[in-house]
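Here is how the chains run, residue by residue.
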Amino acid sequence: MAVWDDLVGQDRVIEQLAAAARDADALVTGEAAASASSMTHAWLFTGPPGSGRATAARAFAAALQCVSPDRAHGGAPGCGFCEGCHTTLVGTHADVEVVRTDVLSIGVKDTRELVRRAQLSPAGGRWQVIVLEDADRLTEGAGNVLLKAVEEPAPRTVWLLCAPSLEDVLPTIRSRCRSLILRTPPVAAVADILVRRDGIDPALAAQAAQATQGHIGRARRLATDERARARRAAVLKMPLRVADMGGCLKAAQELIDAAAEDAKQVAEEVDTKETEELRAALGAAAGTGGRLPRGTAGAMKELQDRQKRRATRTQRDSLDLALSDLTGFYRDVLAIQLGSRVALANADARDTLERVASASRPEGTLRRIEAISACRQALDRNVAPLLAVEAMAVALRAG
């Protein structure tokens, strides 16, 4: 299996990356001059959520580290089987650093550590690769720190940055990167990979792919997690529950509570383990009543602050997912009202869609979609989540 197999519906991008990987291999082996290469030191992967930006970056990193012996017989970098490919894809390669944040932003301190890492020579003699999956979450100060490293890279260092769009990255950084724009994968291709790679029932895979409109990660979660399907079903009932002001406020509160429950579940799975590991590392012996040694309280406080930031992001991500489902619902309502023949994302809720469509007009549906967009923008500006969702619920009622 080649490293590109999980990159769904991105033939043009795969072609460009494969060519760059071949040129990079020639540079390492001394078979080509740098001036004639399509390889460069900084890449920016952009595309809508679910398009596979991070998957493309990790696949390219694996191809850069590929050491397949079949190369001598015409094999291309990125075989997927050699030690370089395998260790990169599973996250254990010594020369590949994959950075994904579980908090709202990436600060200067963490970025400086990345820049320091980028100055090291590769241990394996090929490339030092830094994959920054959330480049759009860099603070302004962190972006300025990164800029210096991208401007003056070490000879064998490659930066692979991922962001939803070019506008999410500082102009000074994106101007120094080669840009690759990924598209939303076709629904049929997403369903196929769920069946082929995850062993999901074809009917369930097709329904999940259609419901998420080609978002690979969300489709997999929807197909494998019963709780995710239950939450989506609850969200799709919200348009029927905003008939009066009391219903609006109750629906908004339940949406916030569901997002908080998601954050709590993540905390239960991760926070306890992290806390115990840190206590053990700091020397909090069980025989001393579990008390931390003197002078280590700061480290514990830093961990607790990080866990709080992670809970905030988890709640925001859960809310954003619910708002995406609501947007898809009203998109289907609009399609029915206009007599469009496009496939419905929420065909399993057709009765509800037709009920809402018959009780409103297309212009009202468009205003509801705008209200959902306004809620997302309010959340991005750090408006209190409950206030933002309540305002949206009232707007959905008004139409």
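You'll find the structure just up there.
Notes on the structure in this doc start here. (Residues numbered from 1 in each chain as written. Predicted model: local features only at pLDDT ≥ 70, side-chain atom pairs only at ≥ 80, totals over all residues. Heavy atoms only, no water.)

**Comments concerning the pairing of strand β3 (residues 128-132)**
Regular strands have side chains that alternate between both faces of the sheet.
Working step 1: Counting buried residues in β3 gives five out of five residues, a clear majority hidden from the surface.
Working step 2: A two-sided burial pattern is seen for β3, the buried positions comprising Q128, I130 and L132 on one face and V129 and V131 on the other.
Working step 3: Where β3 lies against strand β4 (residues 157-163), five bridges are found, and the strand directions are parallel. Among the inter-strand pairings, V131 is bridged to a residue of β4, identified as L160. (Buried < 20%, exposed > 50% of the residue type's maximum accessible area, 1.4 Å probe, protein only. Helix = DSSP H or I, 4+ residues; strand = E, 2+ residues; numbered from the N terminus. Pairing = 2+ DSSP bridges.)

**Let's talk about unusual backbone geometry**
Negative phi characterises most residues that are not glycine, and trans characterises most peptide bonds.
Working step 1: One non-glycine residue with positive phi stands out, namely Q213, at about 55 degrees.
Working step 2: Structurally, the position occupied by Q213 is in the loop between α8 (202-211) and α9 (216-224).
Working step 3: If you check the backbone angles, N382 has positive phi at about 65 degrees while not being a glycine.
Working step 4: Along the polypeptide, N382 turns up in the loop between α14 (362-380) and α15 (385-398).
Working step 5: Using a relative accessible area of 55% as the deciding quantity, one classes N382 as exposed.

**With respect to the packing of aromatic side chains**
Working step 1: Applying the stated criterion across every chain yields a total of two aromatic pairs.
Working step 2: Residues F329 and Y330 carry aromatic rings whose centres are separated by 5.4 Å and whose planes lie at 85 degrees to one another, so their mutual orientation is edge-to-face.
Working step 3: Relative accessible area serves as the criterion here: at 0%, F329 is assigned to the buried category.
Working step 4: Cation over ring: R156 sits above W127, and NZ or CZ is 5.6 Å from the ring centre. (Phe/Tyr/Trp six-rings, centres within 6.5 Å; stacked < 30°, edge-to-face > 60°. Lys NZ or Arg CZ within 6 Å of the ring centre and 35° of its normal.)

**Quick look at the nonpolar core**
Working step 1: Judged by nonpolar contacts, the single largest core of 35 residues is most densely connected at W4, L17, W43, F45, F60 and L160.
Working step 2: Listed by contribution, the elements that provide at least two residues to this core are α1 (11-29), β1 (42-46), α2 (53-65), β3 and β4.
Working step 3: The residues touching F60, leaving out its near neighbours within four places in the chain, are W4, L17, A20, A21, M39, W43, F45 and L160.
Working step 4: Counting residues in hydrophobic clusters, the runner-up holds 32 residues, among them I256, L344, A349 and A393. (Core = buried A, V, L, I, M, F, W, Y, C linked by side-chain atoms within 4.5 Å. Contact = heavy atoms within 4.5 Å.)

**Considering α8**
Working step 1: Restricting attention to buried positions, one finds in α8 the residues A205, A208, A209 and A211. The buried residues of α8 occupy an angular sector of 165 degrees when the element is viewed end-on, so they sit on one face. Set apart from the buried face of α8 by more than 90 degrees, the exposed residues are P202 and A203.
Working step 2: Among the structural elements, α7 (187-198), α9 and α10 (226-236) are those in contact with the buried residues of α8.
Working step 3: Two to three positions downstream of the cap, the backbone nitrogen of A203 sits 3.1 Å from a side-chain oxygen, assigning the N-cap of α8 to D201.
Working step 4: Downstream of α8 by a residue or two, Q213 has a phi angle that is positive, lying close to 55 degrees. (Arc of directions from axis to C-beta. Polar contact = N/O pair within 3.5 Å; in protein donor to acceptor, adjacent residues only side chain to side chain.)

**Focus on the packing of α10 against helix α12 (residues 297-337)**
Working step 1: Put simply, α10 and α12 touch, their axes get as near as 9 Å, and they point 50 degrees apart. Taken together, the axis directions place α10 and α12 in an arrangement best described as oblique. For α10 against α12, the interelement crossing comes out right-handed. Packed against α10, whose contacting residues are R232, V235 and L236, the element α12 presents A322, D325, L326 and F329 at the interface.
Working step 2: In the contact of α10 with α12, the residues fall into five nonpolar, no polar and two charged. (Axes fitted to C-alpha atoms, helices over the stretch in contact; angles between N-to-C directions. Parallel < 35°, antiparallel > 145°, perpendicular 65-115°, else oblique. Left-handed = near helix turned anticlockwise from the far one by under 90°. Nonpolar A, V, L, I, M, F, W, Y, C, P; charged D, E, K, R; others polar.)

**What about the packing of α2 against helix α3 (residues 83-90)?**
Working step 1: In contact at an axis separation of 7 Å, α2 and α3 are set at 150 degrees when each is read in the N-to-C sense. One finds that α2 runs roughly antiparallel with respect to α3. As for the relative orientation of α2 and α3, their crossing is right-handed in sense. On α3, the residues that touch R58, A61, A62 and Q65 of α2 are G84, C85, T88 and L89.

**A word on the side chain of S68**
Working step 1: In this structure, S68 sits in the loop between α2 and α3.
Working step 2: Residues within four places of S68 in sequence aside, it is in contact with C79 and C82.

**Remarks on the pattern of salt bridges**
Working step 1: Evaluated as defined, the whole model comprises 20 salt bridges.
Working step 2: Notably, a salt bridge pairs D6 with R197, separated by 2.9 Å at the nearest N-O pair. A residue pair is termed long-range when its members are at least 10 positions apart, and D6 in the segment before α1 and R197 in helix α7 qualify at 191 residues.
Working step 3: Residue R197 is classed as partly exposed on the basis of its relative accessible area of 33%.
Working step 4: Here E151 and R176 are joined by a salt bridge, their closest N and O atoms 2.9 Å apart. Remark: R176 occurs in the loop between α6 (171-174) and β5 (178-181) and E151 occurs in helix α5 (residues 140-151); sequence separation between them is 25 residues.
Working step 5: On the basis of relative accessible area, R176 is assigned to the partly exposed category, the value being 32%. (Salt bridge = Lys/Arg side-chain N within 4 Å of Asp/Glu carboxyl O.)

**What to know about α5**
Working step 1: With 12 residues, α5 should reach 16 Å at 1.5 Å per residue; the first-to-last C-alpha distance of 16 Å fits that figure.
Working step 2: All buried positions along α5 are accounted for by A142, G143, V145, L146, L147, A149 and V150.
Working step 3: Taken together, the buried residues of α5 touch β1, α4 (108-118), β3, β4 and α6. (Expected span 1.5 Å × (residues − 1).)

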